[in-house]
Amino acid sequence: MQFSPDYASAAADMTQIGDSLADCALGTSVRVLAVDWDRLDPAEGRRLRALGLDAGAVLRLAHRGIFVGRDPIALEIGRMTIALRRSHALAVSVEPAPEEAPHPAAERPNDGTIGVPA
């Protein structure tokens, strides 16, 4: 067995199209394919949609908890980090998105030129 020195690329190799978000490795950038809203309470579904967790969203698995079931799971969506229960993450189907950052601001330089016309 060979180990890749690049943790992010190794983690991306472990995610397959249609895997659940709960099965992704830490540091993996993924795109949401679908959410099985019927598995979630309607109020929880509204909260997740309001936080940006819906089909097409690119996110990154940032942390897993230490409790039984590895709850909660921390996700980077846009400019925020949210905690998600593993039971909710099981309802989210994803595909690898190693070429995309969780949000555009992650790739911009912080030199004060953002939004300034060239």
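Structure: see above.
For the structure given in this document, a descriptive report is provided here. (Residues numbered from 1 in each chain as written. Predicted model: local features only at pLDDT ≥ 70, side-chain atom pairs only at ≥ 80, totals over all residues. Heavy atoms only, no water.)

Another point: the overall build of the protein chain. Check the secondary structure of the protein chain and you find three helices and six strands. Counted from the first residue to the last, the protein chain has its helices and strands arranged as α-β-β-α-β-β-β-α-β. Counting over 118 residues, the protein chain shows a buried share of 34%. The contacts of the protein chain with a sequence gap of at least 6 include a subset with a gap of at least 24, amounting to 62%. About 7300 Å² of surface is accessible on the protein chain, with carbon and sulfur atoms providing 55% of the total. (Helix = DSSP H or I, 4+ residues; strand = E, 2+ residues; numbered from the N terminus. Buried < 20%, exposed > 50% of the residue type's maximum accessible area, 1.4 Å probe, protein only. Contact = heavy atoms within 4.5 Å. Areas by Shrake-Rupley, 256 points an atom, 1.4 Å probe, with all protein chains shown as cover.)

Evaluation of the coordinates by the stated rule reveals four salt bridges. With a shortest N-O distance of 2.7 Å, E76 and R60 are connected by a salt bridge. One end of the pair, E76, is in strand β4 (residues 73-77); the other, R60, is in strand β3 (residues 58-64), with 16 residues separating them in the sequence. On the basis of relative accessibility, which here comes to 22%, the residue E76 falls in the partly exposed class. (Salt bridge = Lys/Arg side-chain N within 4 Å of Asp/Glu carboxyl O.)

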